[in-house]
Amino acid sequence: MLRIQTYRSKKRRFCVIQSSGSQTTVFNPILSPSNGKPSDSKKKSNEAALILIRHGESMWNEKNLFTGCVDVPLTKKGVDEAIEAGKRISNIPVDMIYTSSLIRAQMTAMLAMTEHRRKKVPIILHDESERARAWSQIFSEETKKQCIPVVTAWQLNERMYGELQGLNKQETAERYGKEQVHEWRRSYDVPPPNGESLEMCAQRAVAYFRENIEPQLLLGKNVMIAAHGNSLRSIIMYLDKLTSQEVISLELSTGIPMLYIFQEGGFIRRGSPVAPTEASVYAYTKGLAQYRQRLDDMLQS
Ligand SMILES: O=C(O)[C@@H](CO)OP(=O)(O)O
């Protein structure tokens with residue numbers, strides 16, 4: 001069973017961003033601009049878009065090494081995948097971005113946003129110290145409206161792969177047997193040696209999602225999460241109510257964004273937008289269709 005921290009409804013009323021360590025920042029959300037540009041979120045909405053994206057190919061994906069919490073950058077192919085993912089979601093509103101603290105997820109989020117038609121600038125919030133917070137302030141309200149806050153959270157990091165980190169996946173399967181390695185990689189509750197099982201990964205990733213990201217969705221904020229194969233598998237298990245058996249066969253490709261609509265407290269899976277011109281995606285909700293229309297109008301004028 002998933003063990004998820006109980007979540008107090010009181011928290012849902014505040015924009016509280018909890019990031020690394022014990023520090024909690026009260027964030028003043030970037031409000032909808034009033035300059036005729038498309039408003040990305042509605043203040044009083046019970047509907048919001050949620051985009052999940054696994055990072056593009058990393059240099060250790062390419063070498064077929066167990067990566068886990070080792071901080072490895074994207075390959076050239078991974079960069080291209082992130083840009084391609086950005087094209088797929090270029091018409092979906094994004095008000096806030098959450099990434100893990102690992103560079104491959106952060107690169108993916110940033111590269112994807114270079115393709116977004118709204119052309120807001122993603123800005124990483126630094127709260128590692130009081131000084132880091134103070135020194136990264138923006139002093140123009142107008143500029144703030146054209147930015148997207150990016151929250152980095154270690155809780156969204158890849159599952160810690162223990163003593164498998166840095167080992168070749170093929171060689172490990174030859175040494176310990178395919179079945180054992182498959183169990184370590186895909187089972188719900190069997191941890192790799194000295195590492196995290198998916199269940200342990202869920203205890204931090206899903207708790208973070210529920211405590212920090214769901215409140216934003218409830219406020220009508222459209223959110224993108226750039227994270228990892230297993231931290232996202234645990235979140236999808238929660239969103240899609242998968243059993244510990246069903247999650248075994250859940251595989252995520254690198255760089256493919258997945259869209260959910262958050263509506264009346266529930267999540268509706270909408271697959272992956274295939275191209276910016278994929279009409280059906282924008283017909284999912286009236287809000288998305290209207291957003292896209294406003295983008296078209298803005299870019300024509
Ligand atoms: O090596 C890793 O960290 C992960 C994701 O790339 O691998 P796996 O497919 O075994 O979960």
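Given the structure is predicted, the values throughout are model-derived calculations rather than measurements. (Residues numbered from 1 in each chain as written. Predicted model: local features only at pLDDT ≥ 70, side-chain atom pairs only at ≥ 80, totals over all residues. Heavy atoms only, no water.)

Student: How do you make sense of helix 3 (residues 103-113) when you look at a structure like this?
Tutor: Residues separated by three or four positions in an α-helix point in the same direction, a consequence of the helix having 3.6 residues per turn. Of all eleven residues that make up helix 3, eight are buried, and the element is covered over most of its length. Of the residues making up helix 3, those classed as buried are R104, A105, Q106, T108, A109, L111, A112 and M113. (Buried < 20%, exposed > 50% of the residue type's maximum accessible area, 1.4 Å probe, protein only. Helix = DSSP H or I, 4+ residues; strand = E, 2+ residues; numbered from the N terminus.)

Student: Please clarify how the nonpolar core should be interpreted in this entry.
Tutor: For soluble globular proteins, the rule of thumb is that nonpolar side chains tend to be buried together. Of all hydrophobic cores here, the largest spans 33 residues; its most connected members are L50, L52, Y98, F209, L217, I225 and L239. Counting residues per element, the ones that place at least two in this core are strand 3 (47-54), strand 4 (96-99), helix 8 (198-218), strand 7 (223-227), helix 9 (229-239) and strand 8 (257-263). Per element, the largest residue contribution to this core is eight residues, and it comes from helix 8. Excluding its chain neighbours within four sequence positions, the residues that come into contact with F209 are L50, E214, P215, L217, I225, I235, Y238, L239 and F267. Listed in part, the 18 residues of the second largest apolar core include I89, V150, L259 and L288. (Core = buried A, V, L, I, M, F, W, Y, C linked by side-chain atoms within 4.5 Å. Contact = heavy atoms within 4.5 Å.)

Student: Please explain the site of the ligand as it appears in this structure.
Tutor: R54, N61, L65, F66, T67, G68, E158, Y161, K169, R185, R186 and N230 make up every residue found near the ligand. Side-chain polar atom of R54 to an oxygen atom of the ligand: 3.1 Å apart, as the coordinates give it. Residue K169 places a side-chain N or O atom 2.9 Å away from an oxygen atom belonging to the ligand. For the ligand, whose accessible area on its own is 310 Å², the fraction buried by protein is 95%. Among the residues making up the shell around the ligand, the classes are represented as three nonpolar, four polar and five charged. (Near = heavy atom within 4 Å. Polar contact = N/O pair within 3.5 Å; in protein donor to acceptor, adjacent residues only side chain to side chain. Areas by Shrake-Rupley, 256 points an atom, 1.4 Å probe, with all protein chains shown as cover. Nonpolar A, V, L, I, M, F, W, Y, C, P; charged D, E, K, R; others polar.)

Student: Quick question: what am I supposed to make of the state of the cysteines here?
Tutor: Note: disulfide means a covalent bond formed between the sulfur atoms of two cysteine side chains. Enumeration according to the criterion identifies zero disulfides in this entry. C69 forms no disulfide, and the closest cysteine sulfur to it belongs to C201, at a distance of 8.2 Å. Taking relative accessible area as the criterion, C69 reaches 28% and is therefore assigned partly exposed. By relative accessible area, which is 0% here, C201 ends up buried. (Disulfide = S-S within 2.5 Å.)

Student: Would you mind showing me how to read the pattern of salt bridges here?
Tutor: Between side chains of opposite charge, a pair can form as their charged atoms come close. The tally for this structure, following the rule as stated, stands at ten salt bridges. With a closest N to O distance of 2.9 Å, E251 and R186 form a salt bridge. Remark: R186 occurs in helix 7 (residues 178-186) and E251 occurs in the loop between helix 9 and strand 8; sequence separation between them is 65 residues. R269 is paired through a salt bridge with D240; the nearest N and O atoms lie 2.5 Å apart. Separated by 29 residues along the polypeptide, R269 in strand 9 (residues 266-269) and D240 in the loop between helix 9 and strand 8 bring together distant segments of the chain. (Salt bridge = Lys/Arg side-chain N within 4 Å of Asp/Glu carboxyl O.)

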